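# Survey of secondary and tertiary structure
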Amino acid sequence: MKVHDLQPPPGSKTPRRRVGRGIAGKGGKTAGRGTKGQGARNNISPRFEGGQTPLHRRTPKAKGFKNPFRVEYVVVNLDTLEGLDAGAEVDPGVLRFHGLVAKRGLVKILGRGELSKALTVRAHAFSQGAVSAIEAAGGRVEVIPAPWGEGRPPARGNALTNR
């Protein structure tokens, strides 16, 4: 709940205060705004930040945004696994040995192509089509947890990168 969500309880009868209606009564003349100064005026831009360099000048111009928490996968398709003669088990180590995956990085299996042999495939992520195709061929799917555990990955570079 925020301040602008507040409203009087049902059944209350006090009318709302109407300010700025002449010098008689409580809400006339300066209408609760004090005298002079910025707070008494009515034409301050909503983006004005009190002399601090405003947001539209602090942000870089036309540079775009790079998400520091982006997770990138190395993609391997089912037709690649079909042509691989690696035995019944396939994991990132086997894929690295055959030169399909770089030394580091997470592996994701996608469902392009057909799979005719039963394989136990271990990877960090799978598409739904790949899971159904592997299980239809009599194989098994095992998801390897991400090295940083649950939640989002650590930010790349400086802790204040792109924030």
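The following paragraphs examine the structure supplied in this document. For clarity, every value in this text was computed on a predicted model and none was experimentally measured.

## Quick look at the environment of Ala 123
By the element assignment, Ala 123 lies in strand 4 (residues 120-123). Counting along the chain gives 66 residues from Ala 123 to Arg 57, while the straight-line C-alpha distance between them is 45 Å. Once residues lying within four places of it in the same chain are set aside, the contact partners of Ala 123 are Val 107, Ile 109, Glu 142, Val 143 and Ile 144.

## Points about the sheet that holds strand 6 (residues 140-143)
On the basis of which strands lie adjacent, the open sheet formed by three strands has the order 2-4-6 and parallel pairing. Because the sheet does not close on itself, it has two edges, and the strands there are strand 2 (89-90) and strand 6. Bridge count between strand 2 and strand 4: two bridges; the pairing is parallel. Bridge pairing in strand 4 links Glu 89 to Thr 120.

## As for the nonpolar core
Among the nonpolar cores identified, the biggest contains 16 residues, and Val 76, Leu 81, Leu 95, Val 107, Ile 109, Val 121 and Ile 134 are the most heavily contacted of them. Among residues more than four places away in sequence, those in contact with Val 107 are Tyr 73, Val 74, Val 76, Pro 92, Leu 95, Val 101, Ala 123, His 124 and Ala 125.

## With respect to the environment of Glu 114
Inspection of the secondary structure puts Glu 114 in the loop between strand 3 (106-110) and strand 4. With 33 residues separating them along the chain, Glu 114 and Leu 81 place their C-alpha atoms 9.2 Å apart. Ignoring any residue separated from it by four or fewer positions in sequence, one finds Glu 114 in contact with Leu 78, Asp 79 and Glu 82.

## Quick word on the sheet that holds strand 3
Strand order in this open sheet of three strands is 1-3-5, and the pairing throughout is parallel. Two strands close off the open sheet at either side, each with one partner strand: strand 1 (73-77) and strand 5 (125-126). Pairing between strand 3 and strand 5: two bridges, direction parallel. Bridging across to strand 5, Ile 109 finds its partner in Phe 126.

## Some details on a nonpolar patch on the surface
Taken together, Met 1, Val 3 and Leu 6 make up a surface patch of nonpolar side chains, about 420 Å² in accessible area. Looking at the element boundaries, Val 3 is found in the segment before helix 1 (55-58).

## Things to note about the pattern of salt bridges
Summed over the entire model, instances satisfying the criterion amount to six salt bridges. Measuring nitrogen to oxygen at the nearest pair gives 3.2 Å for the salt bridge that ties Glu 49 to Arg 58. Residue class for Glu 49 comes out partly exposed when judged on its relative accessible area of 28%. Across the pair Glu 142 and Arg 122 runs a salt bridge whose closest N-O atoms are separated by 2.8 Å. Taken together, the residues Glu 142 in strand 6 and Arg 122 in strand 4 connect sequence positions 20 residues apart. What you see here is one network of salt bridges that share partners, running through Glu 89, Arg 122, Arg 140 and Glu 142.

What counts and what doesn't
Residues numbered from 1 in each chain as written. Predicted model: local features only at pLDDT ≥ 70, side-chain atom pairs only at ≥ 80, totals over all residues. Heavy atoms only, no water. Helix = DSSP H or I, 4+ residues; strand = E, 2+ residues; numbered from the N terminus. Contact = heavy atoms within 4.5 Å. Pairing = 2+ DSSP bridges. Core = buried A, V, L, I, M, F, W, Y, C linked by side-chain atoms within 4.5 Å. Buried < 20%, exposed > 50% of the residue type's maximum accessible area, 1.4 Å probe, protein only. Patch = residues over 30% accessible without salt bridge, like charges linked within 9 Å, V, L, I, M, F, W, Y side chains within 5 Å. Areas by Shrake-Rupley, 256 points an atom, 1.4 Å probe, with all protein chains shown as cover. Salt bridge = Lys/Arg side-chain N within 4 Å of Asp/Glu carboxyl O.

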